[in-house]
Amino acid sequence: MRPTYETEADRRMEITAGYRIAKWTGCDVDSLPKFYPVDLVFKRNGRVVGFCEVKTRKYAMDAFDTYMLSAHKVAQCRSLTTATGVPCFLAAQWSCGRV
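Residues numbered from 1 in each chain as written. Predicted model: local features only at pLDDT ≥ 70, side-chain atom pairs only at ≥ 80, totals over all residues. Heavy atoms only, no water.

Caption draft 1: Focus on the overall build of the protein chain. A tally of regular secondary structure across the protein chain gives two helices and four strands. Sequence-ordered secondary structure for the protein chain, helices as α and strands as β, is α-β-β-β-α-β. Taken over C-alpha atoms, the radius of gyration comes to 13 Å for the protein chain, in line with the 13 Å a tight globule of 99 residues would show. The C-alpha extent of the protein chain, read off along each of the three principal axes, is 35 × 35 × 25 Å. Expressed as a percentage of its 99 residues, the buried residues of the protein chain come to 32%. A sequence separation of at least 24 residues applies to 49% of the contacts in the protein chain between residues at least 6 apart. Accessible surface, the protein chain: about 6900 Å² in total, of which carbon and sulfur atoms supply 56%. Averaging the locations of the 15 positively and 10 negatively charged side chains of the protein chain gives two centres separated by 3 Å. (Helix = DSSP H or I, 4+ residues; strand = E, 2+ residues; numbered from the N terminus. Rg over C-alpha atoms; globule rule 2.2 N^0.38 Å. Buried < 20%, exposed > 50% of the residue type's maximum accessible area, 1.4 Å probe, protein only. Contact = heavy atoms within 4.5 Å. Areas by Shrake-Rupley, 256 points an atom, 1.4 Å probe, with all protein chains shown as cover. Lys, Arg positive; Asp, Glu negative; His and termini not counted. Charge placed at Lys NZ, Arg CZ, Asp CG, Glu CD.)

See below:
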């Protein structure tokens, strides 16, 4: 089993980012269980319209030229989209406040 480093503070930051995205998209957002492949599910009129993996970062968005994400996480998101037909998105919340 892969180690887990997620804390309750991380979960709170993820759902806070989720609320910001939900407001922007006009969706409702729910947090998913800890070991689910992604962090959030977005719904519109009770229908699931998207899954989201949220990464919170301790540096500003423009601190680096690139963003790294594990191939394992990409494979999990692709698998989830293939199985459900629902798109999966990546959101990053940066220390500068951008999502």
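Past the structure itself, the notes keep going.
Caption draft 2: Geometry of the confidence of the model for the protein chain. Here the protein chain averages 87 in pLDDT, while 92% of its residues score no lower than 70. Within the protein chain, strand β2 (residues 40-44) carries the highest mean pLDDT (97), whereas strand β4 (residues 88-93) carries the lowest (88). (pLDDT = per-residue confidence, 0-100.)

Caption draft 3: Broad picture of helix α1 (residues 8-25). With 18 residues, α1 extends 25 Å between its outermost C-alpha atoms, agreeing within 8% with the 26 Å of an ideal straight helix rising 1.5 Å per residue. Among the residues of α1, R11, E14, I15, A17, G18, I21 and A22 are the ones counted as buried. Here the buried residues of α1 occupy an arc of 160 degrees about the axis, which is enough to place them on one side. Exposed side chains of α1 directed beyond 90 degrees from the buried face belong to R12, Y19, K23 and W24. Of the surrounding secondary structure, the elements contacted by the buried residues of α1 are β1 (28-31), β2, β3 (47-56) and β4. Following α1 by one or two positions, G26 adopts a phi angle in the positive range, close to 75 degrees. (Expected span 1.5 Å × (residues − 1). Arc of directions from axis to C-beta.)

Caption draft 4: Seen up close, the sheet that holds β3. A sheet is described by the order of its strands in space; here four strands give the open sequence β1-β2-β3-β4, paired in mixed fashion. The sheet is open, and its two borders are formed by β1 and β4, each paired with just one other strand. Averaged over all neighbouring strand pairs, the angle between strand axes comes to 30 degrees, with direction disregarded. Judged from the four bridges that link them, β1 and β2 form a sheet pairing that is antiparallel. Paired with V29 across the two strands is F42, which belongs to β2. Of the strands in this sheet, β3 and β4 touch helix α2 (residues 71-84), which is tilted by about 175 degrees from β3. (Pairing = 2+ DSSP bridges. Axes fitted to C-alpha atoms, helices over the stretch in contact; angles between N-to-C directions.)

Caption draft 5: Fine view of the state of the cysteines. Counted under the stated rule, the structure contains zero disulfides. Here C27 is not disulfide-linked; the sulfur of C52 is the nearest cysteine sulfur, at 11 Å. Exposure remark for C27: the relative accessible area of 12% places this residue in the buried category. Distance from the sulfur of C77, which forms no disulfide, to the nearest cysteine sulfur (C88) is 3.2 Å. Given a relative accessible area of 14%, C77 falls into the buried group. (Disulfide = S-S within 2.5 Å.)

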